[in-house]
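Inside the fold
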Amino acid sequence: MSLEDIIAEARETILQCDQARAVAVAERAVAQGFDPVQVLSEGFSYGIRQMGDLFGRGEVFLPQLILSSEVMKSAVAILDAAIQGGTPQAKAKMVIATVEGDVHDIGKGIVVSLLKTQGIEVYDLGRDVPTVKIIEKALEVEADIIGTSALLTTTLMGQKKLEDELRKNGLRDRFKTMVGGAPATQRWADRIGADAYAEDAAEAVTKALALLGK
Ligand code: B1M
């Protein structure tokens, strides 16, 4: 099976909410030695965005969206294991979370996978995480970077809240910050005073390394 076939089938499995086939496609991609990051981004991630567009247009409903995200997670788990194959030793620490009120964590999971491949020790606090918890963890582990993900226009404010709380508590210079998620932009990052914005997982890695001066 060619890479193009794998990518096309990966997209299809998400749109059809076919978990068994998604797992089989991910396993086949790994077995055939294809780049797991490419299969994720051009295949499964593309599929889930298409699903989001259909949902936005009212052509599919919430239960299907939930099901497709479960299918996506099964595929991500398999590809993640392949991505982590040659993880080098840790050289920096990053705390990352999806902000309070927001349960979207698939994209953040991919960001975490790629950051780990660069030897960044990532503390993933999960989703729907209050700002105070993020700051507490960053202090506890002496993080170099705090990253937040937000997928809803309504929860984007959580990223601003983090900047505000860090400043209020005299901690702003102690950490670098990075924001991401579909509604976030470079303009938004500049506006709230975040140190970096990344559009996707690959850029998150580049920006994190730049923040660390590497
Ligand atoms: Co929801 N959802 N959802 N959803 N969902 C969106 C975001 C939406 C755009 C769909 C739509 O209407 N077209 C819409 C938001 C509209 C808006 O705010 N303007 C929406 C809505 C409305 C909702 C609910 C309100 C629906 C409802 O209940 N009526 C509800 C909200 C729940 C809540 O959070 N409180 C909801 C629920 C859900 C599910 C639970 C069903 C599921 C999430 C499952 C999960 O994540 N565990 C879900 C899904 C799957 C989506 C879509 C379809 C796909 C999101 C995704 O996984 N994308 C999404 C539509 C879309 O995004 N086009 C949608 C794939 C992923 C690889 O990309 O997450 O963008 P992404 O991550 C990228 C980059 O953004 C970046 O790198 C990642 C990898 O390349 N990135 C970072 C992300 N975080 C980063 C952090 C960084 C750097 C880069 O540094 C720290």
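The subject of this paragraph is the sheet that holds strand β1 (residues 92-98). Pairing within the open sheet is parallel, and its five strands lie in the order β2-β1-β3-β4-β5. At either end of the open sheet lies a strand with only one pairing partner, and these are β2 (120-124) and β5 (196-197). As judged from the five bridges shared by strand β3 (residues 145-149) and strand β4 (residues 176-180), these two strands associate in the parallel manner. If you follow Ile145 over to β4, its bridge partner there is Lys176. In the packing of helix α6 (residues 131-141) onto the sheet, contacts are made with β1, β2 and β3, and the angle to β1 comes to roughly 165°.

A contiguous patch of negative charge, built from Glu4, Asp5, Asp35 and Glu42, is present on the exposed surface. Its location among the elements puts Glu4 in helix α1 (residues 3-15). Classification of Glu4 by relative accessible area gives exposed; the value is 57%.

Time to look at the coordination of the cobalt atom of the ligand. The protein supplies the cobalt atom of the ligand with one donor atom, His104 (NE2), which lies at 2.2 Å. Following the sequence through the fold, His104 ends up in the loop between β1 and α5 (106-117).

A word on the domain arrangement of the protein. Each assigned domain of the protein is listed here: domain 1 (3-84) and domain 2 (92-211). For domain 1 and domain 2, the distance between their C-alpha centres works out to 25 Å. On the side of domain 2, eight residues touch domain 1, which itself brings nine residues to the contact. A combined buried area of about 700 Å² lies between domain 1 and domain 2, and 72% of that area is made up of carbon and sulfur atoms. Summed over the shared surface of domain 1 and domain 2, the result is one salt bridge. Asp105 is paired through a salt bridge with Lys73; the nearest N and O atoms lie 3.3 Å apart. Linking domain 1 to domain 2 there are two residue pairs in polar contact (both at pLDDT 80 or more).

Closest axis-to-axis distance for the α1/helix α2 (residues 19-31) pair is 9 Å, and the angle between their directions is 155°. Taken together, the axes of α1 and α2 lie roughly antiparallel to each other. α1 and α2 meet at a crossing whose hand is left-handed. Contact residues: Ile6, Glu9, Ala10, Glu12 and Thr13 in α1; Arg21, Ala22, Val25, Arg28 and Ala29 in α2. A class-by-class count of the residues in the contact of α1 with α2 yields five nonpolar, one polar and four charged.

Rules behind the numbers
- Here the residue index of a chain counts from 1 through its sequence in written order.
- Where totals are concerned, whole chains, interfaces and linings use all residues; where local detail is concerned, this predicted model gives features only for residues with pLDDT of at least 70, and gives and counts side-chain atom pairs only at 80 or more.
- As a convention, hydrogens and water are excluded, and side-chain values are obtained from all of the structure's heavy atoms.
- Following DSSP output, two strands are said to pair if at least two bridges run between them.
- Helix and strand definitions follow DSSP, with helices as H or I runs of at least four residues and strands as E runs of at least two, each counted in order from the N terminus.
- The contact definition used throughout considers only heavy atoms, calling two residues in contact when any of these lie within 4.5 Å.
- Orientation is described by axes fitted as lines to C-alpha atoms, over the contacting stretch for helices, and by angles from 0 to 180 degrees between their N-to-C directions.
- Here, patches come from residues exposed beyond 30% relative accessible area and free of salt bridges, joined within 9 Å for like charges and within 5 Å for nonpolar side chains (Val, Leu, Ile, Met, Phe, Trp, Tyr).
- Reported accessibility uses the Shrake-Rupley method at a 1.4 Å probe radius. Residues are deemed covered only where the shown protein chains occlude them.
- We define a salt bridge as a side-chain nitrogen of Lys or Arg found within 4 Å of a carboxyl oxygen belonging to Asp or Glu.
- A residue counts as positive if it is Lys or Arg and as negative if it is Asp or Glu; His and the chain ends are not included.
- Just so you know, the charge point we use is NZ for Lys, CZ for Arg, CG for Asp and CD for Glu.
- Relative accessibility under 20% of the residue-type maximum defines a buried residue, over 50% an exposed one, and the middle range a partly exposed one, all with a 1.4 Å probe and only protein chains included.
- For Na, K and Ca the donor cutoff is 3.2 Å, while for all other metals N, O and S atoms must lie within 2.8 Å; water is not among the atoms, so some sites may look incomplete.
- Domain ranges listed in this record stem from an automatic or a database domain assignment.
- A 1.4 Å probe defines the accessible area here, and the buried area is the portion of it lost by two parts on being joined, summed over both.
- We define a polar contact as two N or O atoms separated by no more than 3.5 Å, with the added condition that, inside protein, one atom must be a possible hydrogen donor and the other a possible acceptor, whereas residues neighbouring each other in sequence contribute only through side-chain atom pairs.
- Here the word oblique covers every angle except those under 35 degrees (roughly parallel), over 145 (roughly antiparallel) and from 65 to 115 (roughly perpendicular).
- Crossing handedness follows the turn of the near helix against the far one: under a right angle anticlockwise gives a left-handed crossing, and clockwise gives a right-handed one.
- Under the scheme applied here, ten amino acids are nonpolar (Ala, Val, Leu, Ile, Met, Phe, Trp, Tyr, Cys and Pro), four are charged (Asp, Glu, Lys and Arg), and all others, including Gly, are polar.

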